[in-house]
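Geometric and topological summary
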Amino acid sequence: MPLPRYKQVNVDVTPYYHCTTRCVRQSYLCGCDNETGRNFEHRRKWIEDRLHLLSSSFSIELCAYAIMHNHTHVVLFVNRERVKDWSVREVFNRWRNFYKCPPLVQRYLDDIDDQAFSEAEEKILLEYAEEYRRRLCSVSWFMRLLNEYIARKANKEDDCKGYFWERRFRSQALLNEKALIAAMAYTDLNPVRANLAPTPEESDFTSVKYRINARRARKSPLFLKPFSGCIDKRGRSALPITLDSYLSLVDETGRYVRNDKKGTISSSLQPILDRLELEAPAWLTISCQLEDTFSGPIGTPIAIVDFAEQCQYGRTPNVTNATRYLM
């Protein structure tokens, strides 16, 4: 039986999570249907655009994503401190990107004369604001507003009803920096591993390609959490690795380093392995078989057990020999 969401997501322990969602029966509902010949490739763009909108509205930052033909991967950072600084009006405006607010909230937002509200109305407005504030830093609400929107839009296009995704999303807590970088590399290399792209820079609908395109244009990717050393106008905290080191690591891990290609990162793997204290064989085991190796939270054995205890798992989490690579 799947664990309830509150036992899989605990931002008091870690703000980083790897989430996956698969199409019903693992059908290629975002790719080419071999039976009918219909091509649904455009739905991958729907998902990417929706992720960008969610990341710009929620207090949840995108670290990595890969949108495949029958499933999606996202690595998220929950920024609970940022949402506390938002005013009541900003919270309402952000929530209004997805749902029509109650009449009282609409009146508050549309009132250009800033007329006085009664004490009872102000109390209700504050209650709405706090509820929306909680939702805007919730992984469950983030994934719900992603998956529900895509399912409804796809069903409307197909003129049908029923499930689009096979179940609720699956989430894995990332309990240290090594687990975070491994999950990001695993996510970005999904198209390469599936033989859909020869190199990371040619992997459509992935965060790594988005970052590379931004780098080529000498810009910062607007909808992604920045790497260490990058200037971020939105004041977001940085990932614990530089962009050049990460791109080199992804290329080396994927074994698709091509120096003759424009934008390919030079092979310089040793510095990043030294800094993260990772051995190449161990790194490949984790970054290439993340979901097979870990069925739940990802980190050291001690961190996994501690996370399970704090989340009241109710059963012993899966601690494999691979966890020693993350120590």
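What you see is a predicted model; the values in this text were computed from it and never measured.

Attention now moves to the packing of helix 4 (residues 103-110) against helix 5 (residues 119-135). In the contact formed by helix 4 and helix 5, the axes pass within 10 Å of each other and the chain directions differ by 95 degrees. Taken together, the axis directions place helix 4 and helix 5 in an arrangement best described as roughly perpendicular. For the pair formed by helix 4 and helix 5, the contact residues are Leu 104, Val 105, Arg 107 and Tyr 108 on the first element and Glu 121, Ile 124, Leu 125 and Tyr 128 on the second.

So, on to the sheet that holds strand 4 (residues 170-173). Strand order in the open sheet formed by 4 strands is 2-3-1-4, and the pairing between neighbours is antiparallel. Both outer strands of the open sheet, strand 2 (60-67) and strand 4, are each paired with one neighbouring strand and no more. If you compare each strand with its neighbour and ignore which way they point, the axes differ by 20 degrees on average. Relative to strand 3 (residues 71-78), strand 2 runs antiparallel, the two sharing 7 bridges. The partner of Ile 60 across the bridge, within strand 3, is Val 78. In the packing of helix 1 (residues 42-57) onto the sheet, the strands contacted are strand 2 and strand 3, and the crossing angle to strand 2 comes to about 170 degrees. Contacts between helix 7 (residues 177-188) and the sheet are confined to strand 1 (16-22), strand 2 and strand 3, with strand 2 contributing the most and set at about 40 degrees to the helix.

By the secondary structure assignment, Ser 171 is in strand 4. When the C-alpha atoms of Ser 171 and Cys 19 are compared, they prove to be 4.3 Å apart, with 152 residues separating the residues in sequence.

A separate point is the pattern of salt bridges. Across all of its chains, the model carries 16 salt bridges by this definition. The salt bridge partner of Glu 131 is Arg 134, with a shortest N-O separation of 2.6 Å. On the criterion of helical spacing, the pair formed by Glu 131 and Arg 134 is a turn pair, its members being 3 residues apart in helix 5. Accessibility expressed as a relative area gives 27% for Glu 131, which makes it partly exposed. Members of the salt-bridge network, linked through shared partners, are Arg 43, Glu 157 and Asp 158.

The next point concerns the environment of Glu 131. For the pair formed by Glu 131 and Val 91, sequence separation is 40 residues and the distance between their alpha carbons is 9.7 Å. Separated by 2.6 Å, the side chains of Glu 131 and Arg 134 make a polar contact.

Moving on: the packing of helix 3 (residues 88-95) against helix 4. At a minimum axis separation of 11 Å, helix 3 and helix 4 run at an interaxial angle of 115 degrees. Here helix 3 runs over helix 4; the crossing is left-handed. Across the interface between the two elements, Val 88, Arg 89, Phe 92 and Asn 93 from helix 3 touch Val 105, Tyr 108 and Leu 109 from helix 4. Considering only residue class, the contact of helix 3 with helix 4 consists of 5 nonpolar, 1 polar and 1 charged.

Moving on, we get to the pairing of strand 2. Counting buried positions along strand 2 gives 8 out of 8 residues, so the element sits mostly inside the fold. Counting the residues between successive antiparallel strands, the hairpin from strand 2 to strand 3 contains 3 residues.

Our next topic: the nonpolar core. Counting residues in each nonpolar core, the largest one holds 54 residues, and the members touching the most others are Leu 51, Phe 58, Leu 76, Val 139, Phe 142, Met 143 and Phe 164. Element by element, the count of residues in this core is highest for helix 6 (residues 139-158), at 9 residues. Residues within four places of Leu 76 in sequence aside, it is in contact with Pro 15, Tyr 16, Tyr 17, Cys 19, Ile 60, Glu 61, Leu 62, Cys 63, Val 139, Phe 142 and Met 143. Counting 25 residues, the second-largest nonpolar core is a separate cluster that includes Tyr 16, Leu 174, Leu 189 and Val 208.

A few words now on the confidence of the model for the protein. Scored by pLDDT, the protein comes out at a mean of 78, with 74% of its residues at no less than 70. Across the protein, strand 2 holds the top mean pLDDT of 95, while helix 11 (residues 270-276) sits lowest at 35. The model gives residues 256-278 a pLDDT under 50, and that stretch makes 48 contacts with residues more than four places away or in other chains.

Another point: helix 3. Along helix 3, the residues that are buried comprise Val 91, Phe 92, Arg 94 and Trp 95. End-on view of helix 3: buried residues confined to an arc of 165 degrees, all on one side of the axis.

With that out of the way, let us pick up the packing of aromatic side chains. Under the defined criterion, the tally for this structure stands at 12 aromatic pairs. Their ring planes at 75 degrees and their centres at 6.0 Å tell us that Phe 92 and Tyr 132 sit as a pair that is edge-to-face. Taken together, the positions of Phe 92 in helix 3 and Tyr 132 in helix 5 put the pair 40 residues apart, joining distant regions of the chain. Looking at Phe 92, the relative accessible area reads 0%, which means it is buried. Each ring, one from Trp 95 and one from Trp 141, has its centre 5.4 Å from the other, and the planes form 75 degrees; the classification is edge-to-face. Here Trp 95, found in helix 3, pairs with Trp 141, found in helix 6; they are 46 residues apart in sequence, far enough to count as distant. Each member of the pair Trp 95 and Trp 141 is classed as buried. Each residue in the set Phe 92, Trp 95, Tyr 99, Tyr 108, Tyr 128, Tyr 132 and Trp 141 is aromatic and connected to the rest through ring pairs, giving one cluster. Cation over ring: Arg 50 sits above Tyr 149, and NZ or CZ is 4.0 Å from the ring centre. The ring of Trp 86 has Arg 94 sitting right over it, with the charged end atom 3.9 Å from the ring centre.

Basis of the calculations
Residues numbered from 1 in each chain as written. Predicted model: local features only at pLDDT ≥ 70, side-chain atom pairs only at ≥ 80, totals over all residues. Heavy atoms only, no water. Axes fitted to C-alpha atoms, helices over the stretch in contact; angles between N-to-C directions. Helix = DSSP H or I, 4+ residues; strand = E, 2+ residues; numbered from the N terminus. Parallel < 35°, antiparallel > 145°, perpendicular 65-115°, else oblique. Contact = heavy atoms within 4.5 Å. Pairing = 2+ DSSP bridges. Salt bridge = Lys/Arg side-chain N within 4 Å of Asp/Glu carboxyl O. Buried < 20%, exposed > 50% of the residue type's maximum accessible area, 1.4 Å probe, protein only. Polar contact = N/O pair within 3.5 Å; in protein donor to acceptor, adjacent residues only side chain to side chain. Left-handed = near helix turned anticlockwise from the far one by under 90°. Nonpolar A, V, L, I, M, F, W, Y, C, P; charged D, E, K, R; others polar. Core = buried A, V, L, I, M, F, W, Y, C linked by side-chain atoms within 4.5 Å. pLDDT = per-residue confidence, 0-100. Arc of directions from axis to C-beta. Phe/Tyr/Trp six-rings, centres within 6.5 Å; stacked < 30°, edge-to-face > 60°. Lys NZ or Arg CZ within 6 Å of the ring centre and 35° of its normal.

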